[in-house]
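Below, each chain spelled out in residue letters.
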Amino acid sequence: MGLAAPRKRTKISHDPNNTNWSRSTTGFGHKILSSQGWTPGSFLGARNAAHADMFTAASASHIRVIVKDDTLGLGARSKRDALDEPTGLDAFKGLLGRLNGKSDAELQADQRKRDDVKLARYAATKWQAVRFVSAGLLTQEKKEESTQKAREPGDIESSSLRTSEEEDQKQSATEGTNTETEDSKSRERGGKKSKKDKKDKKDKKDKKDRKEKKEKKRKRPESHCENETATPSETERSVRERRPLGRQMIRGRHIAQKKKALMDEKSLNEIFMIKS
Amino acid sequence: MVDRRSDSEDGSRAKRQKMDKSGTDPRDNPYLAHMYADTSSNGNSSSQADNKNSAFAKLQRHKTTATLAQKVEDDDFNPFTNRPFSSKYFSILKTRRDLPVHAQRDEFLRLYQESQILVFVGETGSGKTTQIPQFVLLDDLPQTQRKMVACTQPRRVAAMSVAQRVAAELDVTLGEEVGYSIRFEDMTSPKTVLKYMTDGMLLREAMNDHDLKRYSTIILDEAHERTMSTDVLMGLLKEVVVRRPDLKIIIMSATLDAQKFQRYFNDAPLLAVPGRTHPVEIFYTPEPEQDYVEAAIRTVLQIHATEDEGDILLFLTGEEEIEDAARKISLEADEMVREADAGPLKTYTLYGSLPPHMQQRIFEPAPPPRRPGGRPGRKVIISTNIAETSLTIDGIVYVVDPGFSKQKIYNPRIRVESLLVSPISKASAQQRAGRAGRTRPGKCFRLYTEGAFKKELIDQTYPEILRSNLSSTVLELKKLGIDDLVHFDLMDPPAPETLMRALEELNYLACLDDDGNLTPLGRLASEFPLDPALAVMLISSPEFYCSNEILSITALLSVPQIFVRPASQRKRADEMKNLFAHPDGDHLTLLNAYHAFKSPDAQENLKQWCHDHFLSLRSLQSADNVRMQLLRIMEREELEMISTPFEDKKYYENIRRALCAGFFMQVAKKETQGKNMYMTIKDHQNVLLHPSTVLAHEAEWVLYNEFVLTTKNYIRTVTAVKPEWLIDIAPTYYDISTFPKGDIRSSLLRAAERLSRKEKMRADSGKRR
């Protein structure tokens, strides 16, 4: 944890679990239970209970809960923790691998994978992950929008790249910062969807601008039904995270306008007028 | 905001009027007609049963079929009252016949007649709570046996409202043939054949009537909730059915994991009635959410903006979080309406401490569109997990589930019981999702990943008995005549350590003797619906000449916090609290506030007065109510109500001493270094004084009401005490030889010395005289 982190000072008790009490066998409770035929380590309840195999661990000892005093979502880990993973063990892993008779090439590949994960995690924690929705493979289209979407990996990325990503995914499944989960999922599911998905995407992108989004929203319900993956928080998330793309889209529109202007004299004038 | 408040006032006024009306109707008054319902139970109903046998004559006990029963129901005359059925009865009858359980009435009757114990599974909305007891009534014919049918509910409100509904369905007056019995309110008569009651109430009856002889059939409803009382009752009934072959038991559960019930009841037959449900589509987030509250708010707003008509149910963990989210959602929704012509969105909150009439508001229909042809309105209900199983709210189409709820946890090692936010179980998550499909196909948005659902959530929620301090339960069990606690057949036996702790506490409180038998004090303490420590404190308070005051403090400790501290006016609220502050601690401060509340000055305009002094009127009124009920028990048990004169300088000291009599096991001593640092006695936990305390000086020894578990451990509601008192009042607990060497021991030794010196002086002066 960095120096800038808020310092939390808590004094831990000498015996926070009060093992002193739990180990003692002289207490009143222990005495009474033993006198009624209980032996340490056994469960309470009827002898040979028919439902005994349905008892849970909570019948053996009290339920333990981690005190939660934040609003971190279920399964999430605080951002800072992601970098706190012990990575120094990697070299050791290689050594163990060699001892286990793995070939150098294999080991190198393993090491490479680990490094990739590290890099991905670093990038993901440093800058917020940008997420994309796949729109299937590239097909020739009339619309010019596709030029703009060339940035997205789902369309043109080579297959090898994709597999390596998926491997990464398996490795870092628990991380929760993985960029591509959603991406690959939707890829699997709707590989050949093209137009409709794109429409969705457009809608989603538009949403990031708070003021703009409202008109588009009317379209959303239907698109929602079509695209299973579009859970609200996901789209909301993209609203938060894809802000740079907003600028890009405005620029894209600007370029398109310019292009048009070259063909149309009137609009050419318009632009010049504005400029001057 | 403004019109919301005026709304609620209207609601409360209307409700109160209604309650007044029913309260003043002398016919409904249950108290006068039957003072001794237990002994004369159904005494005169047999004659009535004879002359109204006209319709019942066609029925033979435990041999009826659905067709026969329906014939009786379709008759012109009400067999219970011998009066003709009203037209309303027939219209209700029609809707009753549409309920899912009705389709399986024959099957139910057959299984019921064949077996002593039956497990019945029906999802909420199947009609089981209202219909099954009526099915039983027409087959069991309890009036012919001078017995009753009992149906237990975990919640008081449910017992009352269901009884009311069923009375209407049977076309009888509530409190006569159909009644209810909840703590402090008995709405039954000698004519009563069907009685809805809380599970705790049936347990209380069992204490005095171990075989439950008044009942021919006992129905445990909502058994899936696994409340403490239901669990104990199930264990008890398992023993009772052996002694009473004529008693029939029906266990009703709303969840489908009923095998456990079946196995527990020696493979009892099971009947499942499907609820009327529609498919629910589940959505997960692709990634864990960093902030579940924020994500929940965003999700609700997005549903409102993009999804079809239908109400939203959002689960959050606690009152504060819920109110906060409700405020944010309404603000954002208002903006959405202004900026983008969204439909109106109305937020309702729902949590346990909300008064019943406010809880009722969630049933109001969604707001209409702002203009004809406009976007439909929507309501969003933000609730704790009470909306998970118990309440049926129609019209919910979208459920937002962050995956957390506040759950009670007990750690017997450090003796801390607290409510903590923790992940729900898979079963809970499924229940929550099911809420979306009640009226039409719905959607459930889970704010966690599918992986988290599979990995982080446990299968079943732990029943209450595994999560609580057992001292009052052990006292109850002892009173029920169960001595072998180790082998008492519970569905989920608690951890041995938890039981040990409970026995130990009861022994220190002198409720159990050294052989584990109930003492007279323990017997008396079990009469009070209180934690044993509080009960013992109350019982011993006359010895300290302050039973009136201790009674008030006990009542104040058993209701939600009376001091209000709104985020926007913290400073002002603290100033007001200081008006009541007593330098020696929070218990006395509570008492001062209560006395001020009872002063004529305040009684003039309670609402305004409480508002001005940042006190919760609701909490104070319920404390007043609890006090009155406890007073009744104290009078019944002939405990003296006395006070030390206020002018006496020992007035407050006596109260503090009396507090020690109950709370000597919740004491902490100041550490030699560190401000506000304390160490609990015997359990040796480092604790801090809660910032809310008014304790003016650094007291060496304090007793506390509550251990608050957060990242730091706090003790809340503290009062300064003296070690001499503790040694004097609880000599076995403060047996100095049992304390390890250290600060606490030496301090106790010094106190013991002072005590003996004083004693000696007293003896000396006595001799001289």
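The structure presented is a predicted model; accordingly, all values stated were derived computationally and were not measured.

Thresholds applied
Residues numbered from 1 in each chain as written. Chains lettered and ligands numbered in written order. Predicted model: local features only at pLDDT ≥ 70, side-chain atom pairs only at ≥ 80, totals over all residues. Heavy atoms only, no water. Helix = DSSP H or I, 4+ residues; strand = E, 2+ residues; numbered from the N terminus. Rg over C-alpha atoms; globule rule 2.2 N^0.38 Å. Buried < 20%, exposed > 50% of the residue type's maximum accessible area, 1.4 Å probe, protein only. Contact = heavy atoms within 4.5 Å. Areas by Shrake-Rupley, 256 points an atom, 1.4 Å probe, with all protein chains shown as cover. Lys, Arg positive; Asp, Glu negative; His and termini not counted. Charge placed at Lys NZ, Arg CZ, Asp CG, Glu CD. Pairing = 2+ DSSP bridges. Axes fitted to C-alpha atoms, helices over the stretch in contact; angles between N-to-C directions. Core = buried A, V, L, I, M, F, W, Y, C linked by side-chain atoms within 4.5 Å. Buried area = accessible area lost by both parts, 1.4 Å probe. Salt bridge = Lys/Arg side-chain N within 4 Å of Asp/Glu carboxyl O. Polar contact = N/O pair within 3.5 Å; in protein donor to acceptor, adjacent residues only side chain to side chain. Nonpolar A, V, L, I, M, F, W, Y, C, P; charged D, E, K, R; others polar. Expected span 1.5 Å × (residues − 1). Arc of directions from axis to C-beta. Right-handed = clockwise from strand over helix to strand, strands pointing away. Phe/Tyr/Trp six-rings, centres within 6.5 Å; stacked < 30°, edge-to-face > 60°. pLDDT = per-residue confidence, 0-100.

(A) Region of interest: the overall build of chain B. When its secondary structure is counted, chain B shows 31 helices and 21 strands. Radius of gyration (C-alpha) of chain B: 28 Å, near the 27 Å computed for a compact globule of 769 residues. Of all 769 residues assigned to chain B, the portion counted as buried reaches 58%. The contacts of chain B with a sequence gap of at least 6 include a subset with a gap of at least 24, amounting to 73%. Summing over all exposed atoms, chain B offers an accessible surface of approximately 32,600 Å²; the carbon and sulfur share of this is 51%. Separation of charge centres in chain B, based on 102 positive and 108 negative side chains, amounts to 1 Å.

(B) The arrangement of the overall build of chain A in detail. Broken down by element type, chain A carries 14 helices and zero strands. What you see in chain A, going N to C, is helices and strands ordered as α-α-α-α-α-α-α-α-α-α-α-α-α-α. Sorting the 276 residues of chain A into buried and exposed places 37% on the buried side. In chain A, the proportion of contacts linking residues at least 24 apart, taken out of those at least 6 apart, comes to 59%. Put simply, chain A shows about 18,300 Å² of open surface, and 55% of that area lies on carbon and sulfur atoms.

(C) Broad picture of the sheet that holds strand β21 (residues 713-721) of chain B. Residues and elements named next belong to chain B. Spatially, the five strands close up into a barrel ordered β17-β18-β19-β21-β20, and their pairing is mixed. Adjacent strand axes in the sheet meet at a mean angle of 50 degrees, parallel and antiparallel pairs treated alike. Contacting β20 (701-709) and β21, helix α25 (residues 586-598) crosses the sheet at an angle of about 75 degrees to β21.

(D) Highlighting the sheet that holds strand β2 (residues 148-153) of chain B. All names here are of chain B. Pairing is mixed in the open sheet, where eight strands are placed in the order β4-β3-β5-β2-β6-β7-β1-β8. Where the open sheet ends on each side, the last strands, each with one partner, are β4 (185-187) and β8 (270-273). On average, each strand axis in the sheet is inclined to that of its neighbour by 20 degrees, with strand direction left out of account. The pairing of strand β1 (residues 117-122) with β8 spans four bridges and is classified as parallel. Opposite F120, over in β8, you have L271 as the bridge partner. Against the sheet, helix α10 (residues 156-169) contacts β2, β3 (178-182) and β5 (194-198), and its axis sits at roughly 175 degrees relative to β3.

(E) Molecular detail of helix α19 (residues 471-479) of chain B. Residues and elements named next belong to chain B. Of all nine residues making up α19, eight are buried, and the element is well covered by its neighbours. Of the positions making up α19, those classed as buried are S471, T473, V474, L475, E476, L477, K478 and K479. Summarising the contacts, the buried residues of α19 are in contact with α11 (199-208), α12 (228-243), α20 (496-508), α21 (520-525) and α22 (532-540).

(F) Structural detail: the nonpolar core. Judged by nonpolar contacts, the single largest core of 130 residues is most densely connected at I218, F528 and Y734 of chain B. With sequence-adjacent residues up to four places away left out, F528 of chain B is seen in contact with R204, A535, L538, I539, L630, I633, M634 and L639 of chain B.

(G) How the structure looks around the side chain of H582 of chain B. All names here are of chain B. Along the chain, the position of H582 falls in the loop between α24 (570-580) and α25. On the basis of relative accessible area, H582 is assigned to the buried category, the value being 11%. With residues near it in sequence (within four places) discarded, H582 still touches L588, T589, N592, Y652 and V694.

(H) Representation of the interface of chain A and chain B. Contact with chain A, which involves 77 residues of that partner, is made by 89 residues of chain B. Interface area, chain A with chain B, both sides summed: about 7,500 Å², of which 59% is carbon and sulfur. At the surface where chain A touches chain B, the tally comes to one salt bridge. Notably, a salt bridge pairs D53 of chain A with R263 of chain B, separated by 2.6 Å at the nearest N-O pair. One can count 19 residue pairs in polar contact (both at pLDDT 80 or more) joining chain A with chain B. In terms of residue count, helix α12 (residues 232-241) of chain A provides more of the side of chain A that touches chain B than any other element does, seven residues in total. Its residues placed into classes, the side of chain A that touches chain B shows 23 nonpolar, 29 polar and 25 charged.

(I) Representation of helix α6 (residues 87-98) of chain B. Residue and element names in this part refer to chain B. Across its twelve residues, α6 extends 18 Å between first and last C-alpha, which sits within 8% of the 16 Å expected from 1.5 Å per residue. Burial in α6 covers these residues: Y89, I92, L93 and R96. Take α6 and look down its axis: the buried residues cluster within an arc of 110 degrees, on one side only. The exposed set on the far side of α6, more than 90 degrees from its buried face, consists of S87, K94 and D98.

(J) Up close: unusual backbone geometry. Residues and elements named next belong to chain B. The phi torsion at E222 lies on the positive side, around 55 degrees, for a residue other than glycine. As for its position among the elements, E222 is in the loop between β6 (215-220) and α12. The phi angle at R415 is positive, at roughly 55 degrees, despite the residue not being glycine. In this structure, R415 sits in the loop between β14 (404-411) and β15 (416-423).

(K) Geometry of the environment of T719 of chain B. All names here are of chain B. Secondary-structure assignment places T719 in strand β21. Look at T719 and you get buried, because its relative accessible area is 0%. Along the primary structure T719 and V694 are separated by 25 residues, whereas in three dimensions their C-alpha atoms are 9.2 Å apart. If sequence neighbours within four positions are ignored, T719 has contacts with D584, G585, D586, H587, L588, R656, L659, W701, V702 and L703. Among the polar contacts made by the side chain of T719, one reaches the side chain of H587 at a distance of 2.7 Å.

(L) Here's a closer look at the pairing of β6 of chain B. Residues and elements named next belong to chain B. Among the six residues in β6, six count as buried, and that is most of the element. Where β2 meets β6, five bridges bridge the pair, whose relative direction is parallel. Residue C151 lies in a different strand from β6, and its bridge partner there is I219. Inspection of the sheet shows β6 paired to strand β7 (residues 248-253) by four bridges, in the parallel sense. Along β7, the bridge assignment pairs L220 with I251. Assessed by its sense of winding, the connection that carries the chain from β6 through α12 to β7 is right-handed.

(M) Representation of the packing of aromatic side chains. Residues and elements named next belong to chain B. Under the counting rule described, the total for this entry stands at 23 aromatic pairs over all chains. For the ring pair Y284 and F453, a centre distance of 6.0 Å and an interplane angle of 55 degrees mean the geometry is tilted. Residue Y284 is located in the loop between β9 (280-283) and α14 (292-306), and its partner F453 is located in helix α18 (residues 450-456); the two are separated by 169 residues in the primary sequence. Look at Y284 and you get buried, because its relative accessible area is 18%. Aromatic side chains Y594 and F597 sit 6.3 Å apart centroid to centroid with 35 degrees between the ring planes, which places their arrangement in the tilted category.

(N) Molecular detail of the confidence of the model for chain A. Residue and element names in this part refer to chain A. Averaged over all residues, the pLDDT of chain A is 63; the fraction at 70 or higher stands at 42%. Note on residues 144-243: pLDDT under 50 across the span, and 173 contacts to partners over four residues away in sequence or across chains. Within the model, pLDDT remains below 50 along residues 268-276, and this stretch shows five contacts once partners closer than five positions in the same chain are excluded.

(O) Expanded view of the pattern of salt bridges. All names here are of chain B. Enumeration over the complete set of coordinates arrives at 56 salt bridges over all chains. Between R226 and D231 there is a salt bridge, with its nearest N and O atoms 2.7 Å apart. For D231, a relative accessible area of 0% gives the class buried. Ionic pairing is found between R432 and D401, a salt bridge with its closest N-O pair at 2.8 Å. Of this pair, R432 sits in helix α17 (residues 426-434) while D401 sits in strand β13 (residues 396-401), and the two are 31 residues apart along the sequence. Residue R432 shares its accessibility class with D401, and that shared class is buried.

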